[in-house]
Structures are given as C-alpha cells and as structure tokens.
Amino acid sequence: MFTTKEINRIEDYIYGRLSEDESKNFVEEMADNVELMQEVFVRQLIQETAEENYLVGLLEEAESDANLDEFVANIEAIDQTHHLNVQDLLKEESKTTYTLDELLAMFRPVTEYEELLEAAERAGSIEVVQPVNGQNCSDKIDFVLKQALSNDFKVRIENNKMEALLTQRFKASTTNFTVDTRQLAPGRYYWKLWNRSDLMMGMFFVRKELMP
C-alpha cells in the first residue's frame, strides 16, 4: 500500500509536475521498485481509459438528445481530427530515404521506457512469448501469449516520441494476434498490453538494419 504522500508524488510524475531532476530520480527509483513501477503504469492506463470512456459517454449521451446535434458533430469532429493527425503523422514518415540525423532521431531510445522494460517483465503476470524485446518487425509484429487472460485487453503501439500510433482491442480468449507495421517508418517503437488486472510492455524495431 502507498501512503497519500507517495500517491501524490506518483500523480505529480504522471501529470508532469516534477522538475527534470525530480522526474529522473523518480524513474531511477521505479527501475529498482517493481511495485512502484506497476502502480505508476496502472494509474497511467486508468487515466487514459477514463478519458476514452468519458468521450464515449459524452457521445452516447448526446446521441440520445435530439437537441444536441451540433454538440455531437463537434465531439465527432474532435475524434476525427485526432485520427487524421495520426494518419498525417504516418504519411509524413512514409518516405524511403533518410539523413543520418533523421535515423539517429528515429532510433533514439526513450530513457524512461528503457529503464522500465526489465522491471515490467518482472512485474507482470501476463506472459508474452512473442515478440521478444528488440525484435525486428518490418511488416508485422506477431504476438503470442502463453495463456488466455481473464479480461479483454488492449494493445497500443507508440513511437519513440511516446506518441500513440495505434490502439487495438482484443478478447480475453485471444492468445495469438498480429499488428500490421507496414505503415510505420524505420525506428524504435514500444508496445503496451494491458487489461483491468495487469499490464506488460516491450520494445521493437522497424527496419533495424537502418539503425546507425
């Protein structure tokens, strides 16, 4: 169990209220404290899920009210804009030649994530057989879970700017599935897999042979 003071510090980290040095020290602390790392990840995902559910709730509520047609259109426009922004980002990264500086940036590790990968493997009860960390996945990323989970789950792909490019939902009974990576530019990427009871994360490359 965490004290109120510890929870406040966790939330300060999640919401970016710590200084650069405080944030760095907190990440180092998480790398040595599996329970703290898991608590931070769970709270981050709860926050993200709550925001998503809130948007869905607004849409459902608005659609049931004939007087809120304009409101529905505005909310749907926001959601569509986010989708288009992601697609624009993918299009911008679809070129085939890159400078050395561009490649260095595309393959640069996320310090916070890299320091937590090992701790995440120790903490999670979700057993991921594939992919292994550092795997090259130029066309697709194949996931194999050792056993079915107790609850439905999500998988999210992030680039090394911690921008979410893709999120997919899966049934709890799913143990083998594939995520298409053909639209992703060369670089370092991270995946997060979570449900109500647990979480796991990992790292993979797209066209690793281009890494400087």
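Residues numbered from 1 in each chain as written. Predicted model: local features only at pLDDT ≥ 70, side-chain atom pairs only at ≥ 80, totals over all residues. Heavy atoms only, no water.

A. Representation of the overall build of the chain within the structure. Helix and strand content of the chain: six helices and eight strands. The order of helices and strands in the chain, counted from the N terminus, is α-α-α-α-α-α-β-β-β-β-β-β-β-β. Expressed as a percentage of the 212 residues in the chain, the buried residues total 37%. In the chain, of all internal contacts separated by at least 6 residues, the share reaching a separation of at least 24 is 64%. Carbon and sulfur atoms form 48% of the exposed surface of the chain, whose accessible area is close to 12,800 Å². (Helix = DSSP H or I, 4+ residues; strand = E, 2+ residues; numbered from the N terminus. Buried < 20%, exposed > 50% of the residue type's maximum accessible area, 1.4 Å probe, protein only. Contact = heavy atoms within 4.5 Å. Areas by Shrake-Rupley, 256 points an atom, 1.4 Å probe, with all protein chains shown as cover.)

B. Local environment of the sheet that holds strand β6 (residues 176-180). Reading across from one edge, β1-β3-β6 is the order of the three strands in this open sheet, with antiparallel pairing throughout. Each of the sheet's edge strands pairs with one partner strand only, and the pair in question is β1 (128-130) and β6. Pairwise comparison of adjacent strand axes, ignoring direction, gives a mean angle of 30 degrees for this sheet. (Pairing = 2+ DSSP bridges. Axes fitted to C-alpha atoms, helices over the stretch in contact; angles between N-to-C directions.)

C. Layout of the nonpolar core. Counting 46 residues, the largest nonpolar core has Met 30, Val 40, Phe 177, Leu 193 and Phe 204 as its most contacted members. Considering every element that reaches this core, the biggest residue donor is strand β8 (residues 199-206), with seven residues. For Phe 204, the residues in contact, after removing those within four places along its chain, are Gly 134, Gln 135, Cys 137, Ile 141, Ile 157, Thr 181, Leu 184, Gly 187, Arg 188, Tyr 189, Tyr 190 and Trp 191. (Core = buried A, V, L, I, M, F, W, Y, C linked by side-chain atoms within 4.5 Å.)

D. A look at the side chain of Glu 158. Among the secondary structure elements, Glu 158 is positioned in strand β4 (residues 153-159). Reaching out from Glu 158, the side chain makes a polar contact with the side chain of Tyr 113 at a distance of 2.8 Å. Look past the residues within four positions of Glu 158 in its chain and what remains in contact with it is Tyr 113, Glu 163, Ala 164, Tyr 189, Tyr 190 and Lys 192. (Polar contact = N/O pair within 3.5 Å; in protein donor to acceptor, adjacent residues only side chain to side chain.)

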